[in-house]
Amino acid sequence: MRTKSLLSAATLLVAGLAFAAPAMAQEADPKPFDGLYVGGTVGFDAQPNDTRSAILFDRNLDGAFTESVTTATGANAFAPTTAQPGAGFCNGRATSSGKLTGCTNDKDNISYSGRIGFDKQYGHLVFGVVGEFGKSQVRDSVSAFSTTPASYTMTRRIDFNANARLRAGYAFDKTLFYATGGGAYARTKSSFATSNTANAFADNGSKHDAWGFVAGGGIEQKLGRHFSIGLEYLYNQYNDKDYRVRVTRGSGPATNPFVLAPNTTGTDFRRNDPKFRWSSVRATANFRF
């Protein structure tokens, strides 16, 4: 998996930093990790493989999202058939009207952030708080393919994200190993795309608030009295469940599966996976006052 590859790379880099002994770090500093600091991060974010991602449907508009979309003959409009084996769902973005040849993986990408923090050092033990504000460029999509055939894709991104967390660690002279975790907030940006040109589609707004947590650990290496660099791993998880799309008849016939009884008004869509999650491996740089 992509997350395991990131962790392996992070382990090697952390080991390299741990055994580094920069000449600049030899000046006297009895508490190298004590006090206020500001800094930044840049890294790479990778998502897990969402193998069971799908789109759920609310046919009677009661908010339950437990119904299937069926045709006038009672067949599931999103189940593969002999004539349309490409119907169904995929954990990515649709590039054609069938999932067998038209689905791309989620997009992993870079991230960056600014940070401010404060540490207190007691002998070898270090305790602190840190706050960050930044942006991840990851993109998470899920697609449904009907027997029409047609594709329906829901995609979410991060507009910006922030977190406030604790950290605790053990310092070996100028090298600090630490664990960290805390609450997190993200402003998500969602979108919808379809190859269906007959029905009409409307969403409930593209931007939504998502709350969650981050947790991980890292290593920080002092390079002189005021400057340090490091490597950090964070697991990010947000509860992103508010985005909805409603499909109505549009120019389609009255026999269109989305507007058949029990509700001729239309059908609501939502994702089945409210958790927006990824792993981050990033380089850090801090200036300590």
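To start, this report covers the structure provided alongside it.

Rules behind the numbers
- Residues numbered from 1 in each chain as written.
- Predicted model: local features only at pLDDT ≥ 70, side-chain atom pairs only at ≥ 80, totals over all residues.
- Heavy atoms only, no water.
- Pairing = 2+ DSSP bridges.
- Helix = DSSP H or I, 4+ residues; strand = E, 2+ residues; numbered from the N terminus.
- Disulfide = S-S within 2.5 Å.
- Patch = residues over 30% accessible without salt bridge, like charges linked within 9 Å, V, L, I, M, F, W, Y side chains within 5 Å.
- Areas by Shrake-Rupley, 256 points an atom, 1.4 Å probe, with all protein chains shown as cover.
- Salt bridge = Lys/Arg side-chain N within 4 Å of Asp/Glu carboxyl O.
- Lys, Arg positive; Asp, Glu negative; His and termini not counted.
- Charge placed at Lys NZ, Arg CZ, Asp CG, Glu CD.
- Buried < 20%, exposed > 50% of the residue type's maximum accessible area, 1.4 Å probe, protein only.
- Axes fitted to C-alpha atoms, helices over the stretch in contact; angles between N-to-C directions.

**Side note on the pairing of strand β13 (residues 227–239)**
Thinking step 1. Summarising the sheet, strand β12 (residues 207–222) and β13 pair through 12 bridges and their orientation is antiparallel. Counted as the bridge partner of Val214 is Asn236 from β13.
Thinking step 2. Between the end of β12 and the start of β13, which pair antiparallel, lie four residues, with Gly224 showing a positive phi angle near 90°.
Thinking step 3. In this structure, β13 lies alongside strand β16 (residues 275–288), joined through 13 bridges in antiparallel fashion. Bridge pairing links Gly230 to Thr284 in β16.

**Remarks on the state of the cysteines**
Thinking step 1. Applying the stated criterion to the full structure yields one disulfide.
Thinking step 2. A sulfur-sulfur separation of 2.0 Å characterises the disulfide bridge that pairs Cys90 with Cys103. Disulfide Cys90-Cys103: torsion about the S-S bond near 85°, hence right-handed. With Cys90 in strand β3 (residues 88–90) and Cys103 in strand β5 (residues 103–104), the pair connects residues that are 13 residues apart, well separated along the chain.

**So, a positive patch on the surface**
Thinking step 1. Together, Arg93, Lys107, Arg157 and Lys189 give the surface a local cluster of positive charge.
Thinking step 2. Among the structural elements, Lys107 can be located in the loop between β5 and β6 (109–122).
Thinking step 3. Judged by its relative accessible area of 38%, Lys107 falls in the partly exposed class.

**Examining the sheet that holds strand β15 (residues 267–271)**
Thinking step 1. Strand order in the open sheet formed by four strands is β2-β15-β14-β11, with antiparallel pairing between adjacent strands. Only two strands of the sheet have a single neighbouring strand rather than two, namely β2 (55–58) and β11 (200–203). Neighbour-to-neighbour, the strand axes of the sheet open up by a mean angle of 25°, direction not taken into account.

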